[in-house]
Amino acid sequence: MKKKAFLVLAVFLFLIPDLLFNYINNSFLEALVIILSKITIFLILLSLISFLTKSYYRSSIIVGSVYLFSMLGETTNIVVLKQYLTMDNLKALVYTNTNESLEFVSNFKWLFFSLLLFLCFIIYLIKESKRLNLKFEISKNFKILGICFFVLLICIFIRLKNSEQFDSGKNLLKYSFKQYILKEHPFNLYYRTYEVFYYKRKTDNLKEKRHKFSFQVTKSTSKTETPDIVVFVIGEGMRSAQWNLNGYHRMTSPELNKIKNLISYKNHFSNGNSTSASIPLIITEATPENANLSFSEKSILSLYKEAGYETNWISSQNIFYLENENEPDHIFKIFEKKSHTDLDVLPVLKSVAAHKSKKKKFILINLIGNHGTVPESFKLFKPNAANAIEGIKSKNALINQYDNKILLQDYVLSQIIKCIDLKDQKAFLMFTADHGVNLYDTKNETLFGYGSSNPTKYELNIPMFFWGSTNYCNIYKDKIEQLKANQTKRTVNNNLFYTLSDLSNITYKGFLANKSFCNSKFKENEFISVYMNGSSLKYNYRN
């Protein structure tokens, strides 16, 4: 009896991610079938390894180690995002910086403490299992394998029969193995790690092509036809619904509301719901359907450089996924400062703007936004001492905390505009964000953060606005008219590369007028393409 109870407890602990996932996402009967299949997979692995080790104890150490690493990663992801790990989740982890890591740990410290206790307890159980003296028997092992394989096949068939794929005409054997075994605990962590390394190796092969790449900018464009200063600002984790500028009931953008010549786009969407997926598609011509272009072609910095601009990159967050730090003439890595906020962007920008140069200036600024800290003077909405691990209970505090971050962004952006709004200067600014966030707003109020496997409108509908100096607006009246005419149309971040070059009167070989929303030939996007886990997904923007 003691042996059976011990084994049941061990299996239960190893299957914590599956128990959590199914408790959150599936009905009782669905969960029962899935958990039964997970138990059989565990026993199959244990039995197969036992043929090699001739010892259930040694086999439990090997299989237990596989489950243990997976359990720690998957449990964290399921608590935060209500899903198993994806390639994008791991890519985000690879590229994250210290501040983001500390922010994540502080929000979920009780989760990490709980997992640490589980880790200690499981190590203790593995150690104690030696005392059970479970003898290895070949005939018994074959029986266990046969029964488990039979039960597993039945469970997979039930899951497959209830899925949309059953009548799809796909190779159901291949689909079942990949979907129900490889992409779930305990193999998913290792499979996704392989995907990340495969992705990196594939993109590394394209870098030589990028080195030789040229946009072939038309040299006939005269200096008088191009703006003096162009500023492109990319926010972090900003959702459109929370900006007063776009109709939010709270005054989260008081400074931007006062600024003239500002055109905001409420119906604007990101092409990715994570930073690592979206940034390469913002600063290059790459699309979700052809994401490899971000590695084989250069970024918008090189486009402006070819057009004769002095290029600058002011970075408040480490987003150099494309390893293209060498593209701008000048780079300012504010994120390397031990403690910083987006306010630290302003003195650097003032210095760059004031610096005398024979060339016109293109300035790319990426903010830390939602991942940054908020000075006390911007903590208008209270209480805001929120902890995401408390879930829906702390929803109001989390919203207050988020709205205070937008207040800070509002101030920083308004100051950036004031910095470049000089007399007689032709200048414009374009602002967008990499992605939005969930704040427990879905029907079942379970999602917080971003990067979910089924993107919500809160993750994809992001703020985007244009501002032009008086001189710019007077000279380029036709472009301003088109910007206003397309203000209510559906736009995406993929449009920005072409719109920025069009606003700057930069023509080049690959320019597409129908992608620029300051152009009379602009064609509204029929659907939103989202880049997720290495492939393109069509998103229904009405959801």
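All values derive from a computational prediction rather than experimental measurement.

(A) Representation of the side chain of Thr 86 within the structure. Take Thr 86: it is sitting in the loop between α4 (56-81) and α5 (87-95). Apart from residues lying up to four places away in sequence, Thr 86 is in contact with Arg 192 and Asn 533.

(B) Representation of the pattern of salt bridges in the model. Applying the stated criterion across every chain yields a total of 13 salt bridges. Its salt-bridge partner being Arg 192, residue Glu 195 comes within 2.9 Å of it at the nearest N-O pair. Residue Glu 195 and its partner Arg 192 are located together in helix α10 (residues 188-204), separated by 3 residues, close to a single helical turn. For the pair shown, Glu 195 and Arg 192 are each scored as buried. When the shortest N-O distance is used, the salt bridge between Glu 524 and Arg 490 registers 3.7 Å. A residue pair is termed long-range when its members are at least 10 positions apart, and Glu 524 in the loop between α21 (496-503) and β12 (528-532) and Arg 490 in the loop between α20 (477-485) and β11 (491-492) qualify at 34 residues. Here the residues in one salt-bridge network are Lys 38, Arg 159 and Glu 184, joined through shared partners.

(C) Main features of a nonpolar patch on the surface. Nonpolar side chains collect at one region of the surface, where Phe 150, Ile 154, Phe 157 and Ile 158 lie side by side and expose about 380 Å² of accessible area between them. Looking at the element boundaries, Phe 150 is found in helix α8 (residues 138-161).

(D) Structural view of unusual backbone geometry. In this structure, Pro 186 follows His 185 across a cis peptide bond, with omega equal to 10°. A cis amide bond links Lys 382 with the next residue in sequence, Pro 383, at an omega value of 0°. Take Pro 383: it is sitting in the loop between β6 (361-366) and α17 (395-420). One non-glycine residue, Gln 216, lies in positive phi territory at about 55°. Even without being glycine, Asn 261 reaches a positive phi, approximately 60°.

(E) Focus on the packing of α8 against helix α9 (residues 172-182). It is the contact of α8 with α9, at a shortest axis distance of 11 Å, that shows an interaxial angle of 100°. By the criterion of interaxial angle, the relationship of α8 to α9 is roughly perpendicular. Contact with α8, carried on its side by Ile 156, Arg 159 and Leu 160, involves Leu 172, Tyr 175, Ser 176, Tyr 180 and Ile 181 of α9 and no other residues of that element. Of the residues contributing to the contact of α8 with α9, the split by class is 6 nonpolar, 1 polar and 1 charged.

(F) Structural detail: the packing of aromatic side chains. All told, the structure shown has 25 aromatic pairs when counted by the stated rule. An angle of 25° between the planes, with centres 4.4 Å apart, marks the rings of Phe 21 and Tyr 84 as stacked. In this pair, Phe 21 sits in helix α2 (residues 16-25) while Tyr 84 sits in the loop between α4 and α5, placing the two residues 63 residues apart along the sequence. Overall, Phe 21 belongs to the buried group, its relative accessible area being 17%. Between Phe 466 and Tyr 472, the ring centres sit 6.2 Å apart and the planes meet at 50°, which makes this aromatic pair tilted. Tyr 472 carries the same exposure label as Phe 466, and that label is buried. Among the aromatic residues, ring-to-ring pairing joins Phe 213, Phe 215, Phe 497, Tyr 498, Tyr 508 and Phe 511 into one connected group. Its end group placed over the ring of Phe 527, Lys 538 keeps NZ or CZ at 4.5 Å from the ring centre.

(G) Quick peek at α17. Taking 1.5 Å per residue as the helical rise, α17 with its 26 residues ought to reach 38 Å, and the 38 Å between its terminal C-alpha atoms agrees with that figure. With 22 of its 26 residues buried, α17 lies for the most part within the structure.

(H) The pairing of strand β7 (residues 427-433), seen in detail. Burial analysis of β7 places 7 of its 7 residues in the buried class, the great majority of the element. Along β7, one buried face is formed by Ala 427, Leu 429, Phe 431 and Ala 433 and the opposite face, lined by Phe 428, Met 430 and Thr 432, is buried too. Taken together, the 7 bridges between strand β1 (residues 229-235) and β7 define a ladder with parallel strand orientation. Each bridged residue has a counterpart across the sheet, and for Phe 232 the counterpart in β7 is Met 430. As judged from the 4 bridges shared by β7 and strand β10 (residues 465-468), these two strands associate in the antiparallel manner. The residue bridging Leu 429 from the neighbouring strand is Trp 467, located in β10.

(I) Local environment of the sheet that holds strand β4 (residues 310-315). Spatially, the 7 strands line up as an open sheet ordered β2-β10-β7-β1-β6-β4-β5, and their pairing is mixed. Each edge of the sheet is formed by a strand with only one pairing partner; in this case those strands are β2 (262-264) and β5 (330-333). Ignoring strand direction, the axes of neighbouring strands in this sheet form an average angle of 10°. When β4 meets β6, the two strands line up parallel, connected through 6 bridges. Across the sheet, residue Ile 314 finds its bridge partner in β6, namely Ile 365. Set on the sheet, α17 makes contact with β1, β2, β6, β7 and β10; between it and β7 the angle comes to about 160°.

Rules used in this analysis
- Residues numbered from 1 in each chain as written.
- Predicted model: local features only at pLDDT ≥ 70, side-chain atom pairs only at ≥ 80, totals over all residues.
- Heavy atoms only, no water.
- Helix = DSSP H or I, 4+ residues; strand = E, 2+ residues; numbered from the N terminus.
- Contact = heavy atoms within 4.5 Å.
- Salt bridge = Lys/Arg side-chain N within 4 Å of Asp/Glu carboxyl O.
- Buried < 20%, exposed > 50% of the residue type's maximum accessible area, 1.4 Å probe, protein only.
- Patch = residues over 30% accessible without salt bridge, like charges linked within 9 Å, V, L, I, M, F, W, Y side chains within 5 Å.
- Areas by Shrake-Rupley, 256 points an atom, 1.4 Å probe, with all protein chains shown as cover.
- Axes fitted to C-alpha atoms, helices over the stretch in contact; angles between N-to-C directions.
- Parallel < 35°, antiparallel > 145°, perpendicular 65-115°, else oblique.
- Nonpolar A, V, L, I, M, F, W, Y, C, P; charged D, E, K, R; others polar.
- Phe/Tyr/Trp six-rings, centres within 6.5 Å; stacked < 30°, edge-to-face > 60°.
- Lys NZ or Arg CZ within 6 Å of the ring centre and 35° of its normal.
- Expected span 1.5 Å × (residues − 1).
- Pairing = 2+ DSSP bridges.

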